[in-house]
Amino acid sequence: MDKKKVISVSHNGCVRGVKYANEEMTNPTRMVTSTVVLKNAALTRLPVMTEAPVPKRKVADVMKQINKVKVKAPVKMYDVIIENVARTGVNVVASRSMDAIK
């Protein structure tokens with residue numbers, strides 16, 4: 001299999017453009033944001049996100065796992081909702097706090 005390598009980058013405004021182009025060609029990653037079912041709260045969905053980018057090829061697996069989750073309030077922002085999602089080494093965390101209904 002041919003190993004991809006960036007030969008040159010032009011029109012980038014900063015030196016990070018070369019690094020980004022190389023990573024995008026060799027190992028593209030994405031942050032994943034979504035929602036999970038939320039019980040015992042004023043809202044029925046809790047926004048969540050990955051703590052770090054995950055390999056692009058794993059995004060569908062990450063979403064399958066996220067879509068199965070149900071959380072009970074109260075939840076604090078950055079609480080871990082799923083550890084090591086899809087065996088990526090990345091956690092899915094709450095991106096908002098939600099109080100329980102009293």
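Heads up: the structure comes first, above all this text.
Cut-off values and rules
Residues numbered from 1 in each chain as written. Predicted model: local features only at pLDDT ≥ 70, side-chain atom pairs only at ≥ 80, totals over all residues. Heavy atoms only, no water. Pairing = 2+ DSSP bridges. Helix = DSSP H or I, 4+ residues; strand = E, 2+ residues; numbered from the N terminus. Axes fitted to C-alpha atoms, helices over the stretch in contact; angles between N-to-C directions. Contact = heavy atoms within 4.5 Å. Core = buried A, V, L, I, M, F, W, Y, C linked by side-chain atoms within 4.5 Å. Buried < 20%, exposed > 50% of the residue type's maximum accessible area, 1.4 Å probe, protein only.

## A few points about the sheet that holds strand β5 (residues 70–72)
For step 1, the next point in the chain: Reading across from one edge, β5-β2-β3-β7-β6 is the order of the five strands in this open sheet, with mixed pairing throughout. The open sheet terminates on both sides in strands that have one partner only, identified here as β5 and β6 (80–82). Adjacent strand axes in the sheet meet at a mean angle of 45°, parallel and antiparallel pairs treated alike.
For step 2, the next point in the chain: Set on the sheet, helix α2 (residues 59–66) makes contact with β2 (33–39), β3 (45–50), β6 and β7 (92–94); between it and β2 the angle comes to about 10°.

## With respect to the nonpolar core
For step 1, the next point in the chain: If you look at the biggest cluster of nonpolar residues, it comprises 21 residues, and the most contacted ones within it are L38, L46, I66, V71 and I81.
For step 2, the next point in the chain: Looking at this core, the elements with two or more residues in it are β2, β3, α2, β6 and β7.
For step 3, the next point in the chain: Residues within four places of L46 in sequence aside, it is in contact with S34, T35, V36, L38, V71, V75, I81, A94, R96 and M98.

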